[in-house]
Amino acid sequence: MKPFHLQAAVPGLEPSSDLVSRTLNVNQESAQLIYLSTLCDKQYIQSSIMQAFDACGNLAEFNAKLTMIAGFERIKNGNLQAEKLLHGFALVVFPDAICAIEAKKASLAKPSETSSESIIQGPQKAFSEDLEQNVQIIRTRYPSKNLNVEYTEIGTESRTQLAILYDKAKVDPDILLDLDKRLAGVEAAVVQASNQVQMLLTSRFEFFPTALVTDRPDRTALSLSKGKVILLLNGTPFSINLPAVFYDFMVSMDDAYQSPWLTRPLLILRYMAVFITTALPALYVAAVSYNPEFFQTQLAIEIAGSRAAVPYASFYEVFFMLFMTEALTEASIRLPKHIGSTATTVGGLILGQAAQEAGLVSSIMIIIASSVAVSNFVIPINTMSYSMRLIKFPLVICAMYFGLVGVVTGIFCFIVYAASLRSFGRPYLKLFIGEAKKSR
Amino acid sequence: MKRGWIWKGVLILSLLWLPGCGFKDIDRRFFVMAIGIDKSNHANKPYHVTLKLAIPFTKIQPGKTNAYQLVSDDGSTITEAVRHMKSKVDKELDFSQAKIIVIGKAMSAEILQKGTLDWFLRRRDIQSAAYMALGDPTAEDVLNVKTGSERFPGDSLFLSFDQDGTESSFIATEYLFDFHRRVTEKGLDPYMPVIRPMDSAYLIDRVAVFDKKRLKAILSPEETRIFNALTTDFQHFDIETKSKTLQFAIAVQHFKYTYTIDPSAPALHMNIRIVGESEESTETLYKQPWSYYERLAERQSQTRYMHLLQKLQALQVDPVGFGLRYRATRYQRDKDWTAWEAMYPKLTFHAKVQIRIKSSGGIK
């Protein structure tokens with residue numbers, strides 16, 4: 001009986017403390033059981049592999065018994081052994097063959113409440129951080145025989161599991177081809193977040209997101225039914241929906257669940273909020289410093305009165321307040337939840353009030369800054385609301401130099417830019433008239 | 001090479017501290033609320049221009065925040081006067097909120113000259129929808145009034161003329177664009193409401209009628225109401241009827257008139273239809289059938305309409321636009337206008353008023 005060589009059986013594997021290697025002897029023959037104790041379920045190994053071994057008289061019988069266990073694979077050749085070990089398989093090395101039995105620990109991840117896109121009445125649970133569970137959630141929500149699931153890996157180092165789901169009957173094969181090409185081109189080492197995947201698949205420097213990241217399983221199922229491709233990344237509770245056009249980012253799932261008397265005005269409100277959050281600071285600078293005829297007489301006198309205490313030009317005031325609100329938003333995201341509310345109170349209420357009383361900003365500017373911040377939160381999808389936060393700054397600069405004409409030109413340029421964008425070959429500003437009927 | 005880029009970046013960033021060239025903050029501007037044009041005593045500088053400048057306030061309070069600064073200057077043109085006035089104030093003059101132009105009574109003939117009116121029309125920042133009015137005795141006196149209910153200087157005047165605030169049948173509203181049109185259009189003559197200052201208030205109950213050259217007459221308040229109804233279709237007036245035994249008033253709810261011109265007579269037939277509600281009466285309106293009161297009111301208002309129409313004819317002015325209607329319906333190049341000019345002084349008016357009393361008001 002020759003001694004067992006770990007390096008020979010599993011090439012490329014470095015010794016590690018959680019690597020368990022045990023020799024199973026029967027009738028002067030021996031097999032080797034290898035697994036990573038941190039990844040595998042010991043109880044399961046005991047009840048399946050060990051019990052099978054216990055009941056056998058020789059190795060051939062044991063080998064045959066192993067094939068009966070669920071999750072059995074025979075490793076024929078190549079260097080797949082280490083791969084299997086790292087994915088939670090237990091290896092049984094026979095003198096002439098290697099068997100792999102899936103013995104992964106059950107995932108502890110549970111679906112949490114939807115946090116980035118909550119709605120009041122509708123499905124409340126989001127995806128979990130476990131890929132298998134997420135695929136299961138989608139299969140439950142979208143029990144179609146056409147639903148196709150493919151697995152791949154992304155990231156040269158992290159080798160994160162990525163599931164590609166689509167409805168074979170509805171999907172456009174061009175999008176799949178395009179996606180395959182882009183996935184092959186990804187060179188990132190460590191991929192850990194859905195937003196990161198979205199960025200890697202689309203252009204990094206685009207102003208607007210062209211793939212939609214959501215934590216809502218119902219939105220994902222709806223996307224599938226519309227023929228979209230869904231990407232699920234292991235370890236994140238989000239799905240990536242592609243292609244996605246501008247209007248997708250403005251729709252909340254509530255719109256499909258409630259009366260049009262309510263949802264249509266709300267949709268209009270969202271577009272108005274987008275206009276306010278992007279253009280209001282710029283319009284303030286333009287109207288106050290170039291075109292005061294824009295205001296009603298009483299308002300003009302009041303603004304002039306409240307501006308009279310402010311010693312510097314209007315755009316300094318705007319930049320100062322925008323900096324404050326952006327800093328506040330950023331701080332309340334990073335801070336722990338308990339301190340977050342204190343930060344907003346101190347920053348928003350006290351500082352705003354004090355700045356106005358000290359004559360650093362006019363009272364109208366406080367209203368503008370807060371309505372810009374509030375309107376930004378109306379946008380349902382987070383990535384789009386980040387884009388909108390960004391856009392207001394170039395517009396303010398346009399207003400600074402060219403007044404109202406500059407603002408209008410700036411907005412026009414952004415619309416032209418959005419019209420030139422493509423999301424996986426689909427025009428970004430395309431309208432889908434009549435399609436909404438199917439989702440009701 | 002790399003250093004060059006850094007310098008260019010610093011240069012571009014430094015631009016962020018500077019605004020564009022037209023940049024002037026709202027608190028560095030003086031809002032002109034009203035423009036007044038009077039006749040000065042100097043022969044070579046006939047225009048005495050007065051501007052009412054608003055002093056800004058943070059919180060508007062009626063009667064307290066209507067502080068203003070009045071600046072005036074003489075000039076041979078309005079432009080010259082305004083240019084020189086800029087040296088008297090510390091902020092840039094902004095005409096974008098100037099919603100009323102008051103012309104002094106002595107200046108009334110000059111404003112009809114093309115050049116004078118042009119200044120208001122050609123300036124980008126003066127609105128075409130600004131109100132025109134005649135100041136009696138002078139425009140400066142009108143601008144120098146501070147009423148107790150004003151929220152900002154000039155507010156009272158704006159509210160009097162737009163139908164936003166008071167809706168009075170005595171106030172005739174005239175806009176700059178309409179005035180200009182009436183000055184140039186054949187067969188449609190200009191008019192202007194007359195503002196008279198009364199210690200810390202205004203009285204606007206008369207209207208001045210012009211031909212194309214000068215001020216012809218100022219109508220009485222009673223005539224102004226009829227004038228208002230005919231020129232602007234003003235709906236909210238009332239009709240007083242008096243007889244030996246009885247006096248009652250009808251509040252008009254609906255007013256409509258049509259007219260036809262018969263060139264063969266020559267005559268103008270006017271049909272006026274009024275629907276109203278009796279508002280105040282010295283006797284119960286059930287002693288006679290309503291048609292009795294209706295006929296009584298019809299007869300009396302008919303004479304009022306006839307009186308005004310004949311007065312305008314005698315003054316040789318046509319603010320209602322009969323001539324324009326004639327030209328529009330009987331087009332013959334220039335002949336129609338000469339025909340109308342000959343016809344208008346000979347025209348006989350036949351006004352037929354139909355009044356219907358809808359109800360006798362509510363009972364509480």
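Keep in mind the model is a prediction, meaning the values are calculated, not measured.

Caption draft 1: Examining the overall build of chain B more closely. Per the secondary structure count, chain B includes 10 helices and 13 strands. Radius of gyration (C-alpha) of chain B: 26 Å, far over the 21 Å computed for a compact globule of 364 residues. Expressed along its principal axes, the backbone C-alpha trace of chain B runs to roughly 100 × 60 × 50 Å. Counting contacts in chain B only where the partners sit at least 6 residues apart, residues at least 24 apart contribute 67% of the total. Carbon and sulfur atoms provide 53% of the accessible area of chain B, an area that totals close to 18200 Å². Positive and negative charge centroids in chain B, built from 52 and 43 side chains respectively, lie 4 Å apart.

Caption draft 2: Highlighting the domain arrangement of chain B. All names here are of chain B. Along its sequence, chain B is carved into domain 1 (24–220) and domain 2 (235–364). For domain 1 versus domain 2, the distance between C-alpha centres works out to 32 Å. With 16 residues of domain 1 at the interface, the matching set in domain 2 holds 17 residues. In total, domain 1 and domain 2 occlude about 1300 Å² of area from one another, counting both sides; carbon and sulfur atoms represent 62% of this. In this assembly, domain 1 and domain 2 are joined by one salt bridge.

Caption draft 3: Layout of the domain arrangement of chain A. The domain architecture assigned to chain A consists of domain 1 (6–102), domain 2 (131–244) and domain 3 (256–427). On a C-alpha basis, the centres of domain 1 of chain A and domain 2 of chain A stand 33 Å from each other.

Caption draft 4: Fine view of the interface of chain A and chain B. The interface of chain A with chain B comprises 29 residues on the first partner and 31 residues on the second. Surface buried jointly by chain A and chain B totals about 2500 Å² across both partners, of which 60% is contributed by carbon and sulfur atoms. There are three salt bridges connecting chain A and chain B. The closest approach of N and O atoms between Arg-307 of chain A and Asp-27 of chain B, which form a salt bridge, is 3.6 Å. Where chain A packs against chain B, one counts 12 residue pairs in polar contact (both at pLDDT 80 or more). Mapped by element, the contributors of at least two residues to the side of chain A that touches chain B are helix 11 (260–289), helix 12 (297–307), helix 13 (314–334) and helix 16 (382–420) of chain A. Sort the elements by how many residues they give to the side of chain A that touches chain B and helix 12 of chain A lands first, with 10 residues. Of the residues that constitute the side of chain A that touches chain B, the class distribution is 19 nonpolar, seven polar and three charged.

Caption draft 5: Structural view of empty space enclosed by the protein. Tallying each qualifying case throughout the model produces three cavities of 30 Å³ or more. Taken as a whole, the largest cavity spans an internal volume of roughly 90 Å³. As for the largest cavity, its lining consists of Glu-222, Arg-225, Ile-226, Phe-237, Asp-238, Ile-239, Glu-240, Ile-274, Ser-301, Arg-304 and Tyr-305 of chain B. When residues of the lining of the largest cavity are traced back to their parent elements, those giving at least two are helix 7 (221–232), strand 10 (238–242) and helix 8 (290–314) of chain B. Residue composition of the lining of the largest cavity, by class: five nonpolar, one polar and five charged. Contributions of two or more residues to the lining of the second largest cavity are made by helix 13, helix 15 (363–376) and helix 16 of chain A. Grouping the amino acids of the lining of the second largest cavity by side-chain chemistry returns three nonpolar, three polar and three charged.

Caption draft 6: Structural context of the pattern of salt bridges. Residue and element names in this part refer to chain B. On inspection of all chains with the given rule, the structure shows 37 salt bridges over all chains. Residue Lys-212 pairs with Asp-189 through a salt bridge whose shortest N-O separation is 3.0 Å. Of this pair, Lys-212 sits in the loop between strand 8 (201–210) and strand 9 (215–219) while Asp-189 sits in the loop between helix 6 (176–184) and strand 7 (191–198), and the two are 23 residues apart along the sequence. The partly exposed category is assigned to Lys-212, whose relative accessible area is 30%. Given the relative accessible area of 9%, Asp-189 is considered buried. For the salt bridge of Asp-205 with Arg-196, the shortest nitrogen-to-oxygen distance reads 3.0 Å. We classify Asp-205 as buried; its relative accessible area is 13%.

Caption draft 7: Expanded view of helix 10 (residues 335–343) of chain B. Residue and element names in this part refer to chain B. Burial in helix 10 covers these residues: Asp-336, Trp-337, Trp-340 and Met-343. Seen from one end, helix 10 has its buried residues packed into an arc of 125°, which puts them on one side. Those residues of helix 10 hidden inside the fold are in contact with strand 11 (247–262) and helix 9 (322–329).

Caption draft 8: Layout of the nonpolar core. Core analysis: the largest hydrophobic core is formed by 70 residues, its most contacted members being Ile-100, Phe-161 and Ile-195 of chain B. Sorting elements by how many residues they give to this core places helix 16 of chain A first, with 11 residues. Dropping the residues within four chain positions of it, Phe-161 of chain B is found in contact with Ile-100, Tyr-131, Ala-133, Ile-171, Ala-172, Thr-173, Pro-193, Ile-195 and Ile-204 of chain B. Listed in part, the 48 residues of the second largest apolar core include Phe-227, Ile-239, Leu-308 and Val-320 of chain B.

Caption draft 9: Just the sheet that holds strand 10 of chain B, in detail. Residue and element names in this part refer to chain B. The mixed open sheet is built from four strands, whose spatial order is 10-11-12-13. Each end of this open sheet is capped by a strand with a single partner; those strands are strand 10 and strand 13 (348–359). Across the sheet, the mean angle from the axis of one strand to that of its neighbour is 40°, orientation sign disregarded. Relative to strand 11, strand 10 runs antiparallel, the two being bridged by five bridges. Residue pairing for strand 11: Ile-239 is matched across the bridge by Ile-250.

Caption draft 10: Broad picture of the packing of helix 11 of chain A against helix 16 of chain A. Residues and elements named next belong to chain A. Two elements in contact, helix 11 and helix 16, have axes separated by 7 Å at closest approach and are oriented at 40°. With respect to each other, helix 11 and helix 16 are oriented oblique. The chirality of how helix 11 crosses helix 16 is right-handed. Facing Val-274, Phe-275, Thr-277, Thr-278, Ala-279, Pro-281, Ala-282, Leu-283, Val-285 and Ala-286 of helix 11, the residues of helix 16 in contact are Met-388, Ile-391, Lys-392, Leu-395, Val-396, Ala-399, Met-400, Gly-403, Leu-404, Val-407 and Ile-411.

Caption draft 11: Representation of the packing of aromatic side chains. Residues and elements named next belong to chain B. For the coordinates displayed, the defined rule picks out 32 aromatic pairs over all chains. Where Phe-179 meets Phe-210, the ring centres are 6.2 Å apart and the plane angle is 85°; that geometry is what we call edge-to-face. A residue pair is termed long-range when its members are at least 10 positions apart, and Phe-179 in helix 6 and Phe-210 in strand 8 qualify at 31 residues. Here Phe-179 and Phe-210 have matching classes, each one buried.

Conventions adopted
- Residues numbered from 1 in each chain as written.
- Chains lettered and ligands numbered in written order.
- Predicted model: local features only at pLDDT ≥ 70, side-chain atom pairs only at ≥ 80, totals over all residues.
- Heavy atoms only, no water.
- Helix = DSSP H or I, 4+ residues; strand = E, 2+ residues; numbered from the N terminus.
- Rg over C-alpha atoms; globule rule 2.2 N^0.38 Å.
- Contact = heavy atoms within 4.5 Å.
- Areas by Shrake-Rupley, 256 points an atom, 1.4 Å probe, with all protein chains shown as cover.
- Lys, Arg positive; Asp, Glu negative; His and termini not counted.
- Charge placed at Lys NZ, Arg CZ, Asp CG, Glu CD.
- Domains from an automatic or database assignment.
- Buried area = accessible area lost by both parts, 1.4 Å probe.
- Salt bridge = Lys/Arg side-chain N within 4 Å of Asp/Glu carboxyl O.
- Polar contact = N/O pair within 3.5 Å; in protein donor to acceptor, adjacent residues only side chain to side chain.
- Nonpolar A, V, L, I, M, F, W, Y, C, P; charged D, E, K, R; others polar.
- 1 Å grid on protein atoms, 1.4 Å probe; cavity = no way out; pocket = protein on both sides within 12 Å on 5 of 7 lines; lining within 4 Å.
- Points joined across faces, edges and corners; volume = space filled by probe spheres on them.
- Buried < 20%, exposed > 50% of the residue type's maximum accessible area, 1.4 Å probe, protein only.
- Arc of directions from axis to C-beta.
- Core = buried A, V, L, I, M, F, W, Y, C linked by side-chain atoms within 4.5 Å.
- Pairing = 2+ DSSP bridges.
- Axes fitted to C-alpha atoms, helices over the stretch in contact; angles between N-to-C directions.
- Parallel < 35°, antiparallel > 145°, perpendicular 65-115°, else oblique.
- Left-handed = near helix turned anticlockwise from the far one by under 90°.
- Phe/Tyr/Trp six-rings, centres within 6.5 Å; stacked < 30°, edge-to-face > 60°.

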